[in-house]
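Architecture at a glance
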Amino acid sequence: MSDAEYVERTFVALKPDAVKRGLVGEITSRFEDAGFKIMGMKMVQATDQLLEQHYAEHVDKPFYDGLAGFMKSGPVVAMVLEGVHAAENLRKIVGDTDASEAHPATIRGRYGHMSMDYADDAGRHYKNLVHASEPGEAEEEIEIWFEESELHEYDHSQDEHAR
Ligand code: IDP
Ligand code: MG
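These notes cover the structure that comes with them. Along every chain, residues carry numbers that run from 1 in the direction the sequence is written. Chains and ligands are labelled sequentially in the order written, the chains with letters from A and the ligands with numbers from 1. Under the rules for a predicted model, residues below a pLDDT of 70 receive no local features and side-chain atom pairs below 80 are neither given nor counted, while totals for whole chains, interfaces and linings still include all residues. Hydrogens and water are ignored here; the side-chain numbers use all heavy atoms of the structure.

1. Some words on helix H2 (residues 24-33)
Keep this limit in mind: Think of it in three bands: residues with accessible area under 20% of the maximum for their type are buried, residues over 50% are exposed, and the middle band is partly exposed, with areas taken using a 1.4 Å probe on protein chains only. Each helix corresponds to a stretch of at least 4 residues labelled H or I by DSSP, and each strand to a stretch of at least 2 residues labelled E; elements are numbered beginning at the N terminus. Throughout, the arc means the angular range of directions from the helix axis out to the C-beta atoms.
When we look at burial in H2, the residues that qualify are Ile-27, Thr-28, Arg-30 and Phe-31. Looking straight down H2, one finds its buried side chains confined to an arc of 150°; they lie on one side. Where H2 ends, the next residue or the one after it, Gly-35, has phi of about 100°, a positive value.

So this is what it looks like as structure tokens:
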């Protein structure tokens, strides 16, 4: 077995609602508690161009303008995390897209309860705190948000104890 088959990087963004609610530390702690290693982290004001790349699969959907408006409504905290099957495991910690269906032990389920139907019918932004890459899409998203020089290799106790 080689680490390379299991250990991967993934991209996570704390959306403007997480930042404005003061949940950056709380949510980041959950990733650290689960043993993920932070390789890069920065605050970013998203632009239309960046969001069109990041949400390329959603650009033509009816909710896209609302989503982009929400993602630009304040800074996001972008991060790259490393761990075993990081993308799949972080999606599990983040929880279902719709907070009303997300397990209460997940981030979206613990810090939210709103349904997407409610937000869409009420004409409100749908706020679900966190983005986490799908497996297979992480490296592409890391490239959209980060320069390689902003990512850091270093020894971390997780290398020994959480793998
Ligand atoms: P994900 O964030 O769990 O990967 P996706 O289906 O890729 O979910 O959607 C991306 C983001 O777009 C969601 O997190 C949510 O913020 C927003 N979104 C998706 N579907 C809807 C919708 O039907 N109404 C409003 N916002 C939506
Ligand atoms: Mg997605």
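Next comes the rest of the description.
2. Remarks on the site of ligand 1
So the rule is basically this: Near is defined per residue: the residue qualifies when any heavy atom it owns lies within 4 Å of the molecule or strand. The term polar contact refers here to a pair of N or O atoms within 3.5 Å; inside protein, the definition further demands a hydrogen-donor-capable atom paired with an acceptor-capable atom, and it admits residues adjacent in sequence only when both atoms are side-chain atoms. What sets the accessible areas is the Shrake-Rupley method with a 1.4 Å probe; for residues, cover comes only from the shown protein chains. Throughout, the ten residues Ala, Val, Leu, Ile, Met, Phe, Trp, Tyr, Cys and Pro are labelled nonpolar, Asp, Glu, Lys and Arg are labelled charged, and all others, Gly among them, are labelled polar.
Every residue close to ligand 1 is listed here: Lys-15, Tyr-55, His-58, Phe-63, Leu-67, Arg-91, Thr-97, Arg-108, Met-116, Asp-120, Tyr-126 and Asn-128. Here an oxygen atom of ligand 1 sits 3.1 Å away from a polar atom, N or O, in the side chain of Lys-15. Here ligand 1 loses 84% of its free accessible area of 530 Å² to cover by the protein chains. In terms of residue class, the shell around ligand 1 is made up of five nonpolar, three polar and four charged.

3. A word on the side chain of Asn-128
Our working definition: Residue contacts follow a heavy-atom distance rule, with two residues in contact if any of their heavy atoms lie within 4.5 Å.
As for its placement among the helices and strands, Asn-128 is situated in the loop between helix H7 (116-122) and strand S4 (130-132). The buried category is assigned to Asn-128, whose relative accessible area is 4%. Within the local environment of Asn-128, its side chain forms a polar contact with the backbone oxygen of Thr-97, the two atoms lying 3.1 Å apart. Filtering out sequence-adjacent residues up to four positions away, Asn-128 remains in contact with Lys-15, Asp-17, Thr-97 and Arg-108.

4. Re the sheet that holds strand S1 (residues 7-14)
Just so we agree on the cut-off: Two strands are counted as paired when DSSP detects at least two bridges linking them. Fitted lines through C-alpha atoms serve as axes, helices being fitted only where they are in contact, and the angles separating the N-to-C directions of these axes extend from 0 to 180 degrees.
If you trace the four strands from one edge of the open sheet to the other, you get S2-S3-S1-S4, paired in antiparallel fashion. For this open sheet the edge positions go to strand S2 (37-44) and S4, each flanked by a neighbour on one side alone. Taken over all neighbouring pairs, the strand axes of this sheet differ in orientation by 20° on average, direction set aside. Sheet topology note: the S2/strand S3 (residues 76-84) ladder contains seven bridges and is antiparallel. If you follow Val-44 over to S3, its bridge partner there is Val-76. Across the sheet, H2 touches S1, S2, S3 and S4, and the angle it forms with S1 is around 165°.

5. Side note on the packing of aromatic side chains
Here is the rule we go by: Ring pairs shown here join Phe, Tyr and Trp side chains whose ring centres sit within 6.5 Å, with only the six-membered ring taken for Trp; geometry is labelled stacked below 30 degrees between planes, edge-to-face above 60, and tilted in between.
Here the structure, examined in full by the defined rule, presents two aromatic pairs. Plain terms: the ring middles of Phe-11 and Trp-145 are 5.1 Å apart, the flat faces sit at 25° to each other, and that makes the pair stacked. With Phe-11 in strand S1 and Trp-145 in helix H8 (residues 138-145), this residue pair connects regions lying 134 residues apart in the sequence. Taking the relative accessible area as the measure of exposure, Trp-145 reaches 4% and is therefore buried.

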